[in-house]
Amino acid sequence: MKNYFLLFIFFLFCKTAFTQEKNNKDIFTTTIRYHYGVVMPHHKSISYLINDQISAVELNMGYIPSNEKNWAKLYKQPEVGLGLYHGSLGNNKVLGNVTAVFPYINFPLSRGNKWEVNTQLGIGLGYTKKHFDPVKNYTNLAIGTKFNAFFKLVAQGSYSINSKWGINAGLGFNHISNGAISAPNKGLNILTSNFGVKYYWNEKSRKSFTPAVIEEKLPDEFVLIWGNGIKQASEKDHHKYYTSSLTGNYSFGINAKQKIGFGIDLFYNKAANRGKWDFEPETDFENRFSQAIFISHDLVIEKFSIIANIGVYTYYKTEPEKPIYTRLGIRYILNKHLITSLSLKAHMGKADYIEWGIGYRIKKDKSEK
């Protein structure tokens with residue numbers, strides 16, 4: 001009951017915020033969605049834990065920006081907002097429930113006057129009370145901390161019944177893990193079908209969507225980012241180890257939305273080659289250092305960028321878990337030169353660590369768009 005009360009308070013808060021005087025060309029929405037599905041076990045230590053289906057409720061408070069904004073025209077007026085998710089995890093006794101808060105964006109793929117096909121991407125913070133404990137909950141090898149990263153991807157179709165109400169349905173994927181901040185951290189992958197109802201606070205009066213008149217190619221740029229993180233090597237070693245990276249990335253604008261590029265990573269990992277029981281051997285800087293090269297892709301949404309890198313290690317003394325790694329995350333432009341970043345580095349789907357960083361950017365074309 002406490003969770004549903006918090007959901008109700010969240011709804012009232014967002015309703016108050018969105019019904020204040022706003023630009024009447026923006027469209028404000030509320031969506032309530034029900035999920036039903038399964039946990040997809042990706043490890044034997046998780047498979048035997050799952051004994052129930054997944055059920056969840058989700059609340060989205062968003063707005064569809066006016067097509068007077070150039071970034072909105074480029075992306076066919078996507079819906080952006082804040083979401084709240086609460087649901088089971090397949091074993092109430094061991095895994096419990098998760099409650100997550102996340103910003104999201106709905107990218108339209110195709111639309112008509114009354115229907116739309118879109119995909120929703122959300123990244124936020126999830127909370128679960130039942131996590132690994134060596135005494136009280138030692139069988140929970142999926143989640144090692146109360147607070148975890150929450151990722152969701154939904155493909156859905158929607159239909160507008162009238163100017164105020166709409167319905168939607170689709171398939172969704174959720175991932176929950178702590179990014180190896182604390183072990184164990186197998187994580188959970190959840191697949192659901194969902195059905196929802198949407199309400200438009202101001203009438204959905206648009207009958208067409210104006211495409212961007214001018215789509216200038218993004219300028220080439222170079223960014224230098226200093227990243228930082230912490231990780232736990234294993235559940236037997238309770239120490240938290242510092243990790244750091246220095247990333248140089250040159251990217252080429254290929255259109256008004258995307259960049260592709262290449263770069264070099266320098267990594268420092270204090271957890272490298274630590275051993276499992278007596279935390280030996282002690283390692284020096286050379287053992288903790290590695291170097292890699294990568295290719296990159298950026299999806300640019302005004303001041304935000306969704307980044308995806310794939311790289312290969314080219315120098316190391318301590319052999320990495322896998323020769324190839326990935327990095328997924330977001331960057332935000334603070335001003336002409338400064339940027340911030342938050343990303344997840346992983347080896348073949350297994351989280352290595354979460355890194356947050358600050359960086360400096362140099363645009364080849366000095367004129368700001």
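In short, a report on the structure. (Residues numbered from 1 in each chain as written. Predicted model: local features only at pLDDT ≥ 70, side-chain atom pairs only at ≥ 80, totals over all residues. Heavy atoms only, no water.)

A few words now on the overall build of the protein chain. Along its length, the protein chain carries four helices and 16 strands. Per-residue burial for the protein chain yields a buried fraction of 47% across its 369 residues. Taking all contacts inside the protein chain whose residues are at least 6 apart in sequence as the whole, residues at least 24 apart take part in 60%. (Helix = DSSP H or I, 4+ residues; strand = E, 2+ residues; numbered from the N terminus. Buried < 20%, exposed > 50% of the residue type's maximum accessible area, 1.4 Å probe, protein only. Contact = heavy atoms within 4.5 Å.)

Of the pairings in the sheet, the one linking strand β1 (residues 27-39) to strand β2 (residues 54-64) comprises 11 bridges and is antiparallel in character. If you follow T30 over to β2, its bridge partner there is M61. Pairing of β1 with strand β8 (residues 188-200) involves 11 bridges; the strand directions are antiparallel. Paired with T30 across the bridge in β8 is Y199. (Pairing = 2+ DSSP bridges.)

This part takes up unusual backbone geometry. We note that K76 has phi near 60°; this positive angle belongs to a residue other than glycine. Take K76: it is sitting in the loop between α3 (70-74) and β3 (79-88). What makes K76 partly exposed here is its relative accessible area of 45%. With a phi angle near 55°, E302 is a residue other than glycine that sits in the positive phi range. For E302, the position within the fold is in the loop between β12 (289-301) and β13 (304-316). In this structure E302 comes out as exposed when scored by relative accessible area, which is 54%.

Turning next to the side chain of N60. Mapped onto the secondary structure, N60 falls in strand β2. Within the local environment of N60, its side chain forms a polar contact with the side chain of R33, the two groups lying 3.2 Å apart. Not counting the four nearest positions on each side in its chain, N60 is found in contact with T29, T30, T31, R33, L82, G83, F102, Y104 and Q120. (Polar contact = N/O pair within 3.5 Å; in protein donor to acceptor, adjacent residues only side chain to side chain.)

Inspection of the secondary structure assignment puts S341 in strand β15 (residues 338-347). The exposure class of S341 is buried, given its relative accessible area of 15%. Each residue touching S341, except ones within four places of it in the same chain, is listed here: I225, I330, R331, E355, W356 and G357.

With that out of the way, let us pick up the nonpolar core. In terms of nonpolar packing, the biggest core is built from 19 residues, with Y85, L89, L95, I176 and L188 touching the most fellow members. At the level of elements, β2, β4 (97-111) and β8 are the ones that each hand at least two residues to this core. Counting residues per element, this core draws most heavily on β4, which supplies four residues. Excluding anything up to four places from it in sequence, L89 contacts V39, I50, I54, L95, G96, N97, V98, T128, I176, L188 and I190. Residues A72, Y75, I105 and A256 belong to the second largest nonpolar core, which totals 10 residues. (Core = buried A, V, L, I, M, F, W, Y, C linked by side-chain atoms within 4.5 Å.)

The next point concerns the sheet that holds β13. Read once around its circumference, the closed barrel built from eight strands follows the order β9-β10-β11-β12-β13-β14-β15-β16, with strand pairing classed as antiparallel. In this sheet, neighbouring strand axes are inclined to one another by 25° on average, regardless of whether the strands run parallel or antiparallel. With nine bridges joining them, β13 and strand β14 (residues 324-333) adopt antiparallel strand pairing. By the bridge assignment for β14, V312 is matched with I324. (Axes fitted to C-alpha atoms, helices over the stretch in contact; angles between N-to-C directions.)

This next bit is on a positive patch on the surface. Taken together, the side chains of K93, K129, K130 and K146 define a basic patch exposed on the protein surface. Residue position: K93 is located in the loop between β3 and β4. The exposure class assigned to K93 is exposed, which follows from its relative accessible area of 71%. (Patch = residues over 30% accessible without salt bridge, like charges linked within 9 Å, V, L, I, M, F, W, Y side chains within 5 Å. Areas by Shrake-Rupley, 256 points an atom, 1.4 Å probe, with all protein chains shown as cover. Salt bridge = Lys/Arg side-chain N within 4 Å of Asp/Glu carboxyl O. Lys, Arg positive; Asp, Glu negative; His and termini not counted. Charge placed at Lys NZ, Arg CZ, Asp CG, Glu CD.)

To continue, consider the sheet that holds strand β5 (residues 115-127). Spatial strand order, β1-β2-β3-β4-β5-β6-β7-β8: eight strands in a closed barrel with antiparallel pairing. Mean inter-strand twist for the sheet, computed between neighbouring axes without regard to direction, equals 25°. Both β4 and β5 contribute to a ladder of 10 bridges, which runs antiparallel. Within β5, the residue paired with F107 across the bridge is T119.

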